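Structure assessment
Here is what each chain is made of, one letter per residue.
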Amino acid sequence: NGCHVDPPQDVAHVQFRSRIAFKLVWCPPNFETFVLVDDAGDYLIHGTPTGALPQRRFRAGNYGLTRGGKYARAADEFASRA
């Protein structure tokens, strides 16, 4: 995936040499809340959806792909305040 390294090595950044508008990252440890971050990894907003969610393993996997990188920083900081 490559989004956990800096600079990101994902398709958007490498193949298309573009930036992302935002990235959704689920917050540990329960992965019930998410944050949206910009291309620099800065917090934009967060949300806690109701109703049917993706399976927990997929939400945890989303976070796992970003763990240790700039996109996970906001999710980790949000989780530590909750």
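Residues numbered from 1 in each chain as written. Predicted model: local features only at pLDDT ≥ 70, side-chain atom pairs only at ≥ 80, totals over all residues. Heavy atoms only, no water.

**Quick word on the environment of glutamine 15**
The condition that has to hold: Note on conventions: DSSP H or I runs of at least 4 residues are helices, E runs of at least 2 residues are strands, and numbering of each starts at the N terminus. Burial classes: relative accessible area under 20% of the type maximum marks a residue as buried, over 50% as exposed, and values in between as partly exposed (1.4 Å probe, protein chains only).
Looking at where glutamine 15 falls in the secondary structure, it is placed in the loop between α1 (11–14) and β1 (23–26). We classify glutamine 15 as exposed; its relative accessible area is 56%. Residues glutamine 15 and threonine 33, spaced 18 residues apart in sequence, show a C-alpha to C-alpha distance of 30 Å.

**Focus on the pairing of strand β2 (residues 34–37)**
Condition: Here a strand pair is declared whenever DSSP counts at least two bridges between the two strands.
Alternating residues of β2 divide into Phe34 and Leu36 and Val35 and Val37, and every residue in both groups is buried. Across 4 bridges, the pairing between β1 and β2 is antiparallel. The residue of β2 that forms the bridge with tryptophan 26 is phenylalanine 34. For β2 and strand β3 (residues 43–47), the ladder comprises 4 bridges, and the chain directions are antiparallel. Counted as the bridge partner of phenylalanine 34 is glycine 47 from β3.

**Here we look at the sheet that holds β3**
Counted only if it meets this: Only the stretch in contact is used when a helix axis is fitted, and all axes are lines through C-alpha atoms; the angle between N-to-C directions ranges over 0 to 180 degrees. By the convention used here, residues are in contact when the closest approach between their heavy atoms is within 4.5 Å.
Taken in spatial order, the 3 strands of this open sheet run β1-β2-β3, and their pairing is antiparallel. Edge positions in the sheet fall to β1 and β3, since each has one partner strand and no second. Taken over all neighbouring pairs, the strand axes of this sheet differ in orientation by 25° on average, direction set aside. In the packing of helix α3 (residues 70–81) onto the sheet, contacts are made with β1, β2 and β3, and the angle to β2 comes to roughly 140°.

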